Each structure stands twice: as C-alpha cells, then as structure tokens.
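# Descriptive analysis of the structure
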Amino acid sequence: MRLFLFSKLINKKYCFFIAQPKSCVYLQLISCANIKKMKRDIFQAIADPTRRAILVLISSTALTPNAIAEQFQTTRQAVSKHIKILNECDLLEEKKLGREIYYQLKIDKMKEIDHWLEQFKKIWEQRFDQLDQVLMNLKSKENEI
Amino acid sequence: MNFSVDKENKTVNVKREFNASLSNVWSAWTDAAILDLWWAPAPFKSKTKFMEFREGGKRLYAMVSPEGEERWAVFEYTSISPKTNFKHSSTFCDAEGVPNSDLGSSYWDINFSENGDSTIVDIAIKRGSLEELEKIIEMGFKEGFTSALQGLEKILKAKK
C-alpha cells in the first residue's frame, strides 16, 4: 500500500526507479520524493483547467485557500489538492498574515513555459532555413532546364 | 516566421512565407526525397523508409542523430487537396511503424497559398492533451539543444 501511495505521489517521470531490486526500493523512493518536489514542472500546473483558473485568480491578488475555494463548485479538498500541486511546481508565493496563509502567483516562474517554447520555435526556424536552401536549389535547377 | 501556442486548444501554430513557387514548396513538403533534405534540424538527418502520399497512405521516417541513434515517427495522411492543403496524424513509433501509445498523436493541418511570387505555409499542430504537448516540446528541446551543442563543438574544433 505504501508503495502504491508513493508511486502515485511521484512525478511519473521518475517512476522507472521503482523497477529496481526490492532492497533499494525504499531508499530510491525517498530520493524520488525529493526529486519530485523540485522537479514537478510547470506544465503540470497548466495541464488542468481548475489550476489554470486558480493561477488567473491569484495573479493579481493574494488569496487565502478559503477565498480561492469559494470561487469553485468543487470541494475544498479538491481545491487544496490543486494548491498543493501548484506549490510543488514552485508557482506560489506564500505570505502569512496572522493565522491565515495567502497565496500569490510567482509571475517569473510562468516565464519558464515561454523558455521551453522558445526552443521549440528554434527548431522550426532552423528547419525552414534549410527548406529555403532546398527551394533555392530547386529554382536554380529549373533555370538550368 | 509566426509562431504561437494556443494552450487552451493545445495547438501550436507556425506560419512562414517562402520565396519560391507554390509547386516547388508543395513538392518540398510532399516528395520524400526533397523532404529528407530539410525536415531534420542539422546535424540530425531525416530518413524516410517509405512514403505513400495519398489519402490513407503513410510516411515512416526517422530522425537520425550524428551518432546514428534513430527516432521513428509515422504520418498517416487523412486528407489531401493538391497544392492547397493536406492533413495527417503524426505518432512516435519503432522502426517497423508500431506506435508508441504513451506519447499519443499530433494532428497536422498544413495550408499552402500563393502570395505574388512567394508561397505561404500555415501549419496548425494539435495535440490530444497539454501534457503531450509538453512532452513533445521537451523532446524538441532536447534535439535543438543537442544540435546547438554539436554546432558549438564544430566551431571549437575548427578554431584549434
């Protein structure tokens, strides 16, 4: 059961660790759990519509978990699970005021998404530069004929 | 080049104008021998095992790294309107074309139009989920990054 819970917790990218001899499973899982905390990436945050909505909500003002939950039809538990994931993605700025915790979006972190996309864009640019060259060669062949 | 990502619709849009005739651009996208000349970002090479450019036909090809590592993908053409548009799915697979179901498929819609002497290609690539889109971008990143590093290596070697 413990193994099952752990494997559910762990970012699936690191699940391959589990396919190890039994003796090292536990240690591996501990290190996985640490990796998970650091490595849960931003795309998981935006993969879910509720989380996207939360991100929009807290982009302008800091809100308590209760105030966030009030905006949604789902249960408070569901919302706090989303907040937990967003926190693991390192997207939330936590502020304590008295007993209450307020969450606000770390805008800088959202820029990581654009960084990934920039790389993807570069591939297309390179591909098209190559295509320009191919098309130029096709043209000059036509002219020879 | 116009490049935009519509996260809501899980779509990447790429648009580019080429200083070439529509028929040449169309050939470059639909003729395997020409496609292999430019499809893979250098130093990767595109190697088409077979390509049947007709509705219901397939293209099985690999991106080959300088070390000879092959990454296979299969296209399945779902609709073709000559010199105007074609649509296909794209799925990662093995050398025999058996799909890797983990990564899902992307759906490509490619439009061609004339603009004076040049040709505009407008591409929409739709993924099944945002998570899949992430994976593809990550893989693309790996490829682009490796290729950039190898380019640097070449320059450094040449300087010696």
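Before reading on, note that the structure itself is shown above.
Structure report, in brief. Just so you know, the residues in each chain are numbered from 1, in the order the chain's sequence is written. Note on labels: chains are lettered from A, ligands numbered from 1, in written order. Thresholds applied to this predicted model are a pLDDT of at least 70 for local features of residues and 80 or more for the giving and counting of side-chain atom pairs; totals over whole chains, interfaces and linings are not thresholded and use all residues.

## Section: the pairing of strand E2 (residues 11-18) of chain B
Residues and elements named next belong to chain B. Relative to E2, strand E1 (residues 2-6) runs antiparallel, the two sharing 5 bridges. Considered in E2, the bridge of Ser 4 is made with Asn 13. Hairpin remark: E1 followed by E2, antiparallel, with 4 residues in the connecting loop; positive phi at Lys 10, about 50°. Whether two strands pair depends on DSSP finding at least two bridges between them. Counting from the N terminus, the helices are the DSSP runs of H or I reaching at least four residues and the strands are the DSSP runs of E reaching at least two. Of the pairings in the sheet, the one linking E2 to strand E8 (residues 118-127) comprises 8 bridges and is antiparallel in character. Along E8, the bridge assignment pairs Val 12 with Ile 125.

## Quick word on the sheet that holds strand E4 (residues 58-64) of chain B
Residues and elements named next belong to chain B. Sheet architecture is open: 8 strands sit in the order E1-E2-E8-E7-E6-E5-E4-E3, paired in antiparallel fashion. Taken across any chain shown, the strands that pair with only one partner, and hence form the sheet edges, are E1 and strand E3 (45-51). Going from strand to strand, the sheet's axes swing by 20° on average, the running direction of each strand aside. As judged from the 6 bridges shared by E3 and E4, these two strands associate in the antiparallel manner. Residue pairing for E4: Ser 46 is matched across the bridge by Met 63. For helices, the axis comes from a line fit to the C-alpha atoms of the stretch in contact; other axes are also lines fit to C-alpha atoms, and the angle between any two N-to-C directions lies between 0 and 180 degrees.

## Considerations on the packing of helix H4 (residues 49-60) of chain A against helix H6 (residues 76-88) of chain A
All names here are of chain A. Contact pair H4 / H6: the axes reach a minimum separation of 10 Å and the direction vectors enclose 70°. With respect to H6, the element H4 is oriented roughly perpendicular. Along the contact surface, H4 presents Thr 50, Arg 51 and Ile 54, while H6 presents His 82, Ile 85 and Leu 86. Following the grouping adopted for this structure description, the nonpolar residues are Ala, Val, Leu, Ile, Met, Phe, Trp, Tyr, Cys and Pro, the charged ones are Asp, Glu, Lys and Arg, and the polar ones are all others, Gly among them. Classifying every residue of the contact of H4 with H6 by side-chain character gives 3 nonpolar, 2 polar and 1 charged. Put simply, angles under 35 degrees are roughly parallel, angles over 145 are roughly antiparallel, angles from 65 to 115 are roughly perpendicular, and the rest are oblique. Note on contacts: residues are paired as contacts if their backbone-placed C-beta atoms lie within 7 Å.

## A short note on the nonpolar core
Among the nonpolar cores identified, the biggest contains 14 residues, and A:Leu131, A:Val134, A:Leu135, B:Phe18, B:Val25, B:Ala28 and B:Trp38 are the most heavily contacted of them. Among the elements of the structure, helix H7 (107-144) of chain A together with helix H1 (22-30) and helix H2 (32-38) of chain B are those that each provide at least two residues to this core. If you tally residues by element for this core, the top one is H7(A), at 3 residues. Aside from chain neighbours lying at most four places away, what touches B:Phe18 is A:Leu131, A:Asp132, A:Leu135, B:Val25, B:Ser118, B:Thr119 and B:Val121. Throughout this description, the term nonpolar core refers to a group of buried Ala, Val, Leu, Ile, Met, Phe, Trp, Tyr and Cys residues whose C-beta atoms join them within 7 Å. Once C-beta atoms are placed from the backbone, each residue is buried if 20 or more other C-beta atoms lie within 10 Å of its own, exposed if 12 or fewer, and partly exposed for counts between those two. Among the nonpolar cores identified, the runner-up in size contains 12 residues, and A:Ile54, A:Ile58, A:Leu91 and A:Leu105 belong to it.

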